[in-house]
Amino acid sequence: MYVPDKVVTNHDLAKIVDTSDEWIVERTGIRERRFSAPEQASSDLALIAAQRALDMAGIGPEDIDQIVVATTSPDRYLPSCACTVQAKLGATRAAAFDIYAACTGFIYGLSVARGAIGTGMADTVLVIGVEQLSRIMDFKDRNTCVLFGDGAGAAVLRPCTPGDGIRAVSIHSDGMIGDLLEIPSGGSARPASHETVDRREHYIRMKGKELFKVAVRGMDDSLRKALAEAGLTPADLELVIPHQANLRIIDAVRERTGLPPERVIVNIDRYGNTSSASIPITLDEVVRAGRLKPGDHVGFVAFGGGITWGASVATWTLPVPAGANGTGRAHVAAEVPRT
Ligand SMILES: CC(C)(COP(=O)(O)OP(=O)(O)OC[C@H]1O[C@@H](n2cnc3c(N)ncnc32)[C@H](O)[C@@H]1OP(=O)(O)O)[C@@H](O)C(=O)NCCC(=O)NCCS
């Protein structure tokens with residue numbers, strides 16, 4: 001994982017919009033988030049996370065067959081963020097492409113990697129989730145600008161014994177309710193113009209309350225479907241890594257699945273919602289903290305714009321990294337301070 005150095009607290013945002021630390025913590029669980037430096041593009045964040053993932057996997061850029069970048073905030077429309085990362089990384093053999101599934105992007109990426117490796121099309125797939133949401137948020141809209149942050153996470157996927165690794169992926173979409181979370185202009189339907197800029201239509205717009213209900217239902221449902229496909233139950237999961245959109249959403253999903261708080265990982269207080277980056281960021285913290293051992297079952301679950309949602313269940317195969325002491329910074333839902 002990589003997050004930019006700049007920490008932006010709720011108090012900092014309260015100087016820009018009509019909000020307060022109390023409101024943000026109580027309604028979302030967020031205390032601070034990271035914002036990129038002006039000279040950083042999404043591909044720069046992705047590059048650092050990718051290099052760290054390759055180091056951890058003990059492979060080089062030349063070993064990568066496919067680079068899959070999940071992002072809603074690419075450097076630009078053309079070329080794809082994945083191709084830019086490929087060039088910066090020097091992964092000359094790799095095919096590279098982006099996935100546009102908003103906050104569910106990393107799970108969609110896992111499904112692509114699983115398919116490519118499972119069919120023998122690829123041996124080594126680098127899946128990256130990266131966002132610079134600070135670039136597409138409206139700092140005049142308190143409904144959204146307090147929620148999001150910047151960051152990147154990456155994972156190297158390789159073949160393993162059947163029954164290990166990614167056991168199931170369950171992905172879903174409902175474009176009928178796509179306008180719950182949108183950037184209205186800038187695409188082919190409404191290209192950028194002076195008017196669209198004046199109307200602030202290049203920023204994220206959200207109907208938060210409606211989205212909340214869809215999120216809880218979709219996350220619960222897809223996690224159950226992935227578990228059923230893997231022949232497991234919630235009680236079999238040592239850990240669940242949920243997309244970090246809102247602590248209340250995470251709690252509601254946890255209650256529905258009957259999981260104890262210590263099995264559901266939360267770091268939203270430190271990073272806010274980093275969209276497609278939130279699951280791989282959290283996974284890295286969990287792995288480096290020594291919280292996953294070979295044979296552990298781990299669930300990933302997310303929802304996001306589209307609307308999209310999905311879950312994956314994996315049986316962990318990698319050894320605990322040297323130096324991990326089980327007390328790293330990643331913590332569980334019950335440990336998140338509440339006001
Ligand atoms: C956005 C969200 C935190 C809002 O929480 P909520 O409890 O639903 O709050 P509401 O939308 O009902 O707003 C309650 C009040 O707080 C106000 N409010 C909104 N943002 C605020 C902020 N940053 N600070 C202070 N007040 C705020 C609203 O204007 C509203 O005031 P009103 O009652 O006078 O109209 C919550 O709905 C949510 O997290 N939804 C899911 C969104 C999400 O995860 N999106 C990303 C998808 S990956």
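The structure this text deals with has already been given above.
Structural notes, computed from the coordinates. (Residues numbered from 1 in each chain as written. Predicted model: local features only at pLDDT ≥ 70, side-chain atom pairs only at ≥ 80, totals over all residues. Heavy atoms only, no water.)

Some words on the overall build of the chain
When its secondary structure is counted, the chain shows 11 helices and 14 strands. Taking 339 residues into account, the globule formula puts the C-alpha radius of gyration at 20 Å, and the chain, at 19 Å, falls close to it. Across the 339 residues that make up the chain, the buried fraction comes to 56%. Partitioning the intrachain contacts of the chain with sequence separation of at least 6 by distance along the chain shows that 77% fall at a separation of at least 24. Total accessible area on the chain stands at roughly 14,300 Å², and carbon and sulfur atoms take up 53% of it. (Helix = DSSP H or I, 4+ residues; strand = E, 2+ residues; numbered from the N terminus. Rg over C-alpha atoms; globule rule 2.2 N^0.38 Å. Buried < 20%, exposed > 50% of the residue type's maximum accessible area, 1.4 Å probe, protein only. Contact = heavy atoms within 4.5 Å. Areas by Shrake-Rupley, 256 points an atom, 1.4 Å probe, with all protein chains shown as cover.)

Looking at the pattern of salt bridges
Any two side chains of opposite charge can pair, given that their charged atoms come close. The tally for this structure, following the rule as stated, stands at 16 salt bridges. Note that Asp-138 is salt-bridged to Arg-200, the shortest N-O span being 2.9 Å. Here Asp-138, found in the loop between β5 (125-132) and α6 (142-145), pairs with Arg-200, found in the loop between α7 (194-198) and β9 (205-206); they are 62 residues apart in sequence, far enough to count as distant. Its relative accessible area of 9% is what places Asp-138 among the buried residues. Linking Asp-284 and Arg-288 is a salt bridge whose minimum nitrogen-to-oxygen distance equals 2.7 Å. Residue Asp-284 and its partner Arg-288 are located together in helix α11 (residues 278-288), separated by 4 residues, close to a single helical turn. (Salt bridge = Lys/Arg side-chain N within 4 Å of Asp/Glu carboxyl O.)

Looking at the sheet that holds strand β4 (residues 95-99)
Sheet architecture is open: 4 strands sit in the order β4-β3-β5-β6, paired in mixed fashion. Looking at strand neighbours, the two that pair on one side only are β4 and β6 (150-157), the edges of this open sheet. Direction aside, the axes of adjacent strands within the sheet are offset by 15 degrees on average. By the bridge criterion, 8 bridges tie β5 to β6 in an arrangement that is antiparallel. Bridging across to β6, Val-130 finds its partner in Ala-152. Against the sheet, helix α5 (residues 105-118) makes contact with β3 (66-70), β4, β5 and β6, and its axis sits at roughly 165 degrees relative to β5, the strand it touches most. (Pairing = 2+ DSSP bridges. Axes fitted to C-alpha atoms, helices over the stretch in contact; angles between N-to-C directions.)

Considering the side chain of His-243
As for its placement among the helices and strands, His-243 is situated in the loop between β10 (239-242) and α9 (247-257). When its relative accessible area of 1% is taken as the criterion, His-243 is described as buried. For His-243, the side chain forms a polar contact with the side chain of Asn-273, separated by 3.3 Å. Beyond its immediate chain neighbours, meaning those up to four positions away, His-243 contacts Cys-103, Met-219, Ile-250, Asn-273, Ser-275, Ser-278, Ile-279, Val-301, Ala-302 and Phe-303. (Polar contact = N/O pair within 3.5 Å; in protein donor to acceptor, adjacent residues only side chain to side chain.)

Remarks on unusual backbone geometry
In most cases, non-glycine residues show a negative phi, while peptide bonds are predominantly trans. Each neighbour pair has its own omega, and for Leu-78 with Pro-79 the value is 0 degrees, a cis peptide bond. Despite not being glycine, Arg-200 has its phi angle at roughly 60 degrees, a positive value. Phi at Ser-275 is positive, roughly 50 degrees, even though this residue is not glycine. What makes Ser-275 buried here is its relative accessible area of 3%.

What about the site of the ligand?
Every one of the 23 residues lining the ligand counts as a neighbour, but Thr-19, Arg-27, Cys-103, Lys-209 and Asn-246 are closest to it. Interatomic distance of 2.6 Å between a side-chain N/O atom of Thr-19 and a nitrogen atom of the ligand. At 2.7 Å, a side-chain N or O of Lys-209 approaches an oxygen atom of the ligand. Secondary-structure elements contributing two or more residues to the shell around the ligand are α2 (21-28), α6, α8 (208-230), α9 and β12 (297-304). (Near = heavy atom within 4 Å.)

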